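Chain by chain, the residues:
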Amino acid sequence: MILILFGAPGAGKGTQATRLVEERGLVQLSTGDMLRAAIAAGSELGLRAKEIMDRGDLVSDDIMVGMIAERMDAPDCANGVILDGFPRTVAQAEALDEMLDARGTGIDHVVEIKVDEAALFARIENRAAESGDARSDDNADTLRKRLAVYHENTAPLLPYYEARGLLSSVDGMTSIEDVASSVAKIVG
Ligand code: AMP
């Protein structure tokens, strides 16, 4: 199964992905986590990415597509993956379609977790308070920028997937449990 969890920053994609990993044995591929691992490892890519992430901008499509393509070829992904934070641009979505086509597979579901943006600020501030400074992009200024980038570059993926009959939406303003059961109904 190939599942895309879609939503604005702070919508709860990571939380829901973690549950699906525990409950269904899928592998979560979070491009944000991969970039944070590169930063923690002090790699050249990590150094470049950190600056971009701290500004709330997007890392280049080529880098992200390469990162996902390499990861999806690993044996642990054979059972299925949850894409969390990828694709984030139409170019990434097109590259993903090509990549999956070449492997004779395709996307099963795109689940949009819909949230009220005012509430996102409260969530992000909570996450920042809980995680200390583990995520240097969790602050109101960067969130404002990340939301603008989401609307400009990522939201256009909604009609892209809707046109392909792949898109479902769930209300992300309910409890984690309720969001999880709405997601489960879609994923089957
Ligand atoms: P996330 O943890 O998904 O919120 O991602 C944190 C940051 O990593 C984003 O604000 C971007 O700077 C970068 N990033 C993560 N995934 C992508 C992607 N698919 N394309 C471009 N940049 C990304």
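Everything discussed here concerns the structure shown above.
Notes on the structure in this doc start here. What you see is a predicted model; the values in this text were computed from it and never measured.

A short note on the side chain of E112
Here is step 1: Tracing the backbone through its elements, the reader meets E112 in strand β4 (residues 109–114).
Here is step 2: Judged by relative accessible area, which is 8%, E112 ranks as buried.
Here is step 3: If we skip the residues at most four places from it in the chain, E112 touches F6, L158, L167, S168, S169 and V170.

A look at the site of the ligand
Here is step 1: Taken together, 16 residues are adjacent to the ligand, and T31, R36, D57, G85 and Q92 come closest.
Here is step 2: Backbone polar atom of G85 to a nitrogen atom of the ligand: 2.9 Å apart, as the coordinates give it.
Here is step 3: For the ligand, whose unbound accessible area comes to 480 Å², protein coverage reaches 96%.
Here is step 4: Counting residues per element, the shell around the ligand draws most heavily on helix α2 (residues 31–40), at four residues.

Concerning the packing of aromatic side chains
Here is step 1: The tally for this structure, following the rule as stated, stands at two aromatic pairs.
Here is step 2: With centroids separated by 6.1 Å and ring planes inclined at 55°, the aromatic side chains of F6 and Y150 adopt a geometry described as tilted. Linking F6 in strand β1 (residues 2–6) with Y150 in helix α7 (residues 140–154), this pair joins segments that are 144 residues apart in sequence.
Here is step 3: On the basis of relative accessibility, which here comes to 8%, the residue Y150 falls in the buried class.
Here is step 4: Here the aromatic rings of Y160 and Y161 are separated by 5.1 Å at their centres, their planes lie at 90°, and the arrangement is edge-to-face. For the pair Y160 and Y161, one class covers both residues: buried.
Here is step 5: In this structure, R164 is placed above the aromatic ring of Y160, and the distance from its NZ or CZ to the ring centre is 3.5 Å.

Some words on unusual backbone geometry
Here is step 1: Going from F86 to P87, the amide bond is cis rather than trans, its omega being -5°.
Here is step 2: In this fold, P87 is placed in the loop between β3 (81–84) and α5 (90–102).

As for the packing of helix α4 (residues 61–72) against α5
When two helices pack together, their arrangement is given by the angle between the helix axes and by the axis-to-axis distance.
Here is step 1: Direction vectors running N to C along α4 and α5 enclose 30°, while the axes themselves pass 10 Å from each other. With respect to their mutual orientation, α4 and α5 come out roughly parallel. In the packing of α4 onto α5, the handedness of the crossing is right-handed. Two secondary-structure elements touch here, α4 through D61, M64, V65, I68, A69 and M72 and α5 through A91, Q92, A95, M99 and L100.
Here is step 2: Among the residues making up the contact of α4 with α5, the classes are represented as nine nonpolar, one polar and one charged.

Concerning α4
Here is step 1: Its 12 residues give α4 an end-to-end C-alpha distance of 16 Å, which sits within 8% of 16 Å, the value for a rise of 1.5 Å per residue.
Here is step 2: Taken together, the buried positions of α4 are occupied by M64, V65, M67, I68, A69 and M72.
Here is step 3: The inward-facing, buried residues of α4 contact β1, β2 (27–30), α2, α3 (44–55), β3 and α5.

A closer look at the environment of A78
Here is step 1: For A78, the location among the structural elements is in the loop between α4 and β3.
Here is step 2: For A78 and I113, which are 35 residues apart along the polypeptide, the C-alpha to C-alpha distance reads 25 Å.

Looking at the pattern of salt bridges
Here is step 1: For the structure on display, the rule yields 12 salt bridges.
Here is step 2: Salt-bridge contacts for K145 lead to D57; the nearest nitrogen and oxygen are separated by 2.9 Å. Of this pair, K145 sits in helix α7 while D57 sits in the loop between α3 and α4, and the two are 88 residues apart along the sequence.
Here is step 3: Of the charged contacts, one joins K114 and E112 as a salt bridge, the two residues approaching to 3.8 Å between their closest N and O atoms.

Structural notes on the side chain of T154
Here is step 1: Here T154 is to be found in helix α7.
Here is step 2: A relative accessible area of 5% means that T154 is categorised as buried.
Here is step 3: Excluding anything up to four places from it in sequence, T154 contacts F6, P87, R88 and V149.

Parameters and conventions
Residues numbered from 1 in each chain as written. Predicted model: local features only at pLDDT ≥ 70, side-chain atom pairs only at ≥ 80, totals over all residues. Heavy atoms only, no water. Helix = DSSP H or I, 4+ residues; strand = E, 2+ residues; numbered from the N terminus. Buried < 20%, exposed > 50% of the residue type's maximum accessible area, 1.4 Å probe, protein only. Contact = heavy atoms within 4.5 Å. Near = heavy atom within 4 Å. Polar contact = N/O pair within 3.5 Å; in protein donor to acceptor, adjacent residues only side chain to side chain. Areas by Shrake-Rupley, 256 points an atom, 1.4 Å probe, with all protein chains shown as cover. Phe/Tyr/Trp six-rings, centres within 6.5 Å; stacked < 30°, edge-to-face > 60°. Lys NZ or Arg CZ within 6 Å of the ring centre and 35° of its normal. Axes fitted to C-alpha atoms, helices over the stretch in contact; angles between N-to-C directions. Parallel < 35°, antiparallel > 145°, perpendicular 65-115°, else oblique. Left-handed = near helix turned anticlockwise from the far one by under 90°. Nonpolar A, V, L, I, M, F, W, Y, C, P; charged D, E, K, R; others polar. Expected span 1.5 Å × (residues − 1). Salt bridge = Lys/Arg side-chain N within 4 Å of Asp/Glu carboxyl O.

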